[in-house]
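# Residue-level structure breakdown
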Amino acid sequence: MYKAAALGEYDSIYGFATIGLETFPVSDPEEAGKTLDHLAEAEYAVVYITESVASKIQNTIDKYKESVLPAVILIPGVSGNTGAGIQGVKKSVEQAIGSDILFGGTN
Amino acid sequence: MASKQINPTRMELNRLKKKLATATKGHKLLKDKRDELMRQFMDLVRENMELRKKVEAGIQAANTNFVVAKAGMSEEILHEALMAPKQEVYIEAGKKNIMSVNVPTFDVKTRTADANDIYSYGFAFTSADLDGAVKSLADILPEMMKLAEREKACQLMAIEIEKTRRRVNALEHVIIPEAQQNIRFISMKLAENERSTNVRLLKVQDMLLEKKIQEA
């Protein structure tokens, strides 16, 4: 049985605790990277991570891109949507097809 | 490409012909695999994008609600209210095979079935906005889980498609032309050898004939 986690700044994720996700507030990138590594090893199938934190630990996130679990999913934080999540989807389109022909014009 | 030395022998020719046949068959199969993967990926990624937009909008709305809720009460009370969550999400993770790509499937279970268990606090000291905020977040949880499943599948499939595409291209543009060229080189070389043998035999016959004429 797996669990789901939310990783990010406290202000962005504290609400997720109420709906049953486990929250891991972090403040600096190093701590975030370590926490993500730790979560990947533990029984977490899904890790929601705020875009602002994710942008600082891209290397760690890329490490888990090829493995089936955990699924690392970007969510917008309280400070606003940076578009990194959408960008991620576009990136996989680009990787698969060669160029983004699906969402190229629309944002 | 005769860049490396190849033996112009019949054995080598046979070997190369077999290799070419395998490569052509493999190329066709991989191309089919790529096309099918691509077709499924397209559907999946479209769904992924839609879900993502929905979830992002939902989370943003929930965040706004939380900010409003936070403004209406003291931080200590808010922390205290959310300190001991009642609800917990469990995920039953399965595997699904899409064209030999293993993608996870998430079956979401909650610890308690009661939908009201998201409110982990008494209503006396918290603002009504907090209830709304928590509710709005709970409402998008199923979609968030679906997004996680789809997005992971998309990422894994994108990687697989890239690999397959590289293989197809390598076969199409390197392995198959190389084998074809080598086969042509060997068959031409063999034909050339045969001709030179013929000429040599004719020449020997000629010489023998001449010798006989002189003796006579």
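This paragraph deals with the overall build of chain A. Of regular secondary structure, chain A possesses five helices and four strands. Counting from the amino terminus, helix and strand elements in chain A follow one another as β-α-β-α-β-α-α-β-α. The C-alpha atoms of chain A give a radius of gyration of 14 Å, which matches the 13 Å a tight globule of 107 residues would have. With respect to the principal axes defined by its C-alpha atoms, chain A has extents near 40 × 30 × 25 Å. For chain A, the proportion of its 107 residues judged to be buried stands at 46%. For chain A, long-range pairs separated by at least 24 residues make up 59% of all intrachain contacts whose partners lie at least 6 apart in sequence.

Another aspect to go through is helix α5 (residues 84-97) of chain A. All names here are of chain A. An ideal rise of 1.5 Å per residue puts 20 Å on 14 residues; α5 measures up with 20 Å between its terminal C-alpha atoms. Taken as a whole, α5 has its buried residues at Gly85, Ile86, Gly88, Val89, Ser92, Val93 and Ala96. Down the axis of α5, the buried side of the element spans an arc of 160°, and every buried residue falls inside it. Downstream of α5 by a residue or two, glycine 98 has a phi angle that is positive, lying close to 115°.

Attention now moves to the pairing of strand β3 (residues 44-50) of chain A. Residue and element names in this part refer to chain A. Taken across its seven residues, β3 has seven buried, putting it largely inside the fold. Note: strand β1 (residues 2-8) against β3, five bridges, orientation parallel. Opposite lysine 3, over in β3, you have tyrosine 44 as the bridge partner. As paired elements, β3 and strand β4 (residues 71-75) share five bridges and run parallel to each other. Each bridged residue has a counterpart across the sheet, and for threonine 50 the counterpart in β4 is isoleucine 75.

Bringing the packing of helix α1 (residues 10-71) of chain B against helix α3 (residues 128-215) of chain B into the picture now. Residue and element names in this part refer to chain B. Between α1 and α3, the least distance of the axes is 4 Å, while the angle of their chain directions is 160°. Looking at the two axes, α1 sits roughly antiparallel to α3. Crossing geometry of α1 relative to α3 is assigned as left-handed.

Contact geometry for α5(A) and α3(B): axes closest at 8 Å, N-to-C directions at 20°. As judged from the angle between their axes, α5(A) and α3(B) are roughly parallel. In this structure, α5(A) meets α3(B) at a crossing whose hand is left-handed. The residues of α3(B) that touch α5(A), namely those facing A:Val89, A:Ser92, A:Gln95 and A:Ala96, are B:Cys154, B:Gln155, B:Met157, B:Ala158, B:Ile161 and B:Glu162. By residue class, the composition of the contact of α5(A) with α3(B) is six nonpolar, three polar and one charged.

So, on to the interface of chain A and chain B. Contact with chain A, which involves 34 residues of that partner, is made by 48 residues of chain B. Listing elements by their share of the side of chain A that touches chain B, those giving two or more residues are β1, β3, β4 and α5 of chain A. If one sorts the elements of the side of chain A that touches chain B by residue count, α5(A) sits on top with seven residues. A class-by-class count of the residues in the side of chain A that touches chain B yields 24 nonpolar, seven polar and three charged. Of the strand pairs in this sheet, β1(A) and strand β1 (residues 89-98) of chain B are connected by two bridges, and their pairing is antiparallel. The residue of β1(B) that forms the bridge with A:Tyr2 is B:Ile91.

Turning our attention to the environment of B:Met207. Residue and element names in this part refer to chain B. As for its position among the elements, methionine 207 is in helix α3. On the basis of neighbour count, methionine 207 is assigned to the exposed category, with 10 C-beta atoms found within 10 Å. Through-space distance from the C-alpha of methionine 207 to that of arginine 165 is 62 Å; in sequence the pair is 42 residues apart.

This part takes up unusual backbone geometry. Between A:Leu69 and the following residue, A:Pro70, the backbone shows a cis peptide bond with an omega angle of 0°. When you line up the elements, A:Pro70 lands in the loop between α4 (58-63) and β4. With a phi angle near 50°, B:Met99 is a residue other than glycine that sits in the positive phi range. Mapped onto the fold, B:Met99 is located in the loop between β1 and β2 (101-110). Of note, B:Ser100 is a non-glycine position whose phi angle comes to about 65°, a positive value. Structurally, the position occupied by B:Ser100 is in the loop between β1 and β2. Looking at B:Ser100, the number of C-beta atoms within 10 Å reads 9, which means it is exposed.

Below, the discussion takes up the confidence of the model for chain B. All names here are of chain B. The predicted model of chain B averages 87 in pLDDT, with 98% of residues at 70 or higher. Across chain B, element-level confidence peaks in α3 with a mean pLDDT of 92 and bottoms out in helix α2 (residues 75-81) with 78. Confidence estimates for the predicted assembly give a pTM of 0.84 and an ipTM of 0.88.

The rules we used
All chains use their own residue numbering, which begins from 1 and follows the written sequence. Key to labels: chains lettered from A, ligands numbered from 1, both in the order written. Only residues with pLDDT of at least 70 get local features here, since the model is predicted, and only at 80 or more are side-chain atom pairs given and counted; chain-wide, interface and lining totals rely on the full set of residues. To qualify as a helix, a DSSP run of H or I must reach at least 4 residues; to qualify as a strand, a run of E must reach at least 2; elements of each kind are numbered from the N terminus. Between the two quantities, the radius of gyration covers C-alpha atoms and the globule rule is 2.2 Å times the number of residues to the power 0.38. Here exposure depends only on C-beta density: within 10 Å of a residue's C-beta, 20 or more other C-beta atoms make it buried, 12 or fewer make it exposed, and intermediate numbers make it partly exposed, the C-beta atoms being placed from the backbone. C-beta atoms are placed from the backbone for every residue, and two residues are taken to be in contact when these atoms lie within 7 Å. Given a helix with a known number of residues, its expected span is that number minus one, times 1.5 Å. It is the directions from the helix axis to the C-beta atoms whose arc is reported. DSSP bridges decide pairing: two strands pair if at least two such bridges lie between them. Where helices are involved, their axes are fitted lines through C-alpha atoms of the stretch in contact, as for all axes, and angles between N-to-C directions lie from 0 to 180°. Should an angle fall under 35 degrees it is called roughly parallel, over 145 degrees roughly antiparallel, and 65 to 115 degrees roughly perpendicular, with every other angle called oblique. Handedness of a crossing is defined here by the sense of rotation of the near helix relative to the far one, left-handed for an anticlockwise turn of less than a right angle and right-handed for a clockwise turn. Each residue receives one of three labels: charged for Asp, Glu, Lys and Arg, nonpolar for Ala, Val, Leu, Ile, Met, Phe, Trp, Tyr, Cys and Pro, and polar for the others, Gly being one of them. pLDDT is a residue-level measure of predictor confidence that goes from 0 to 100.

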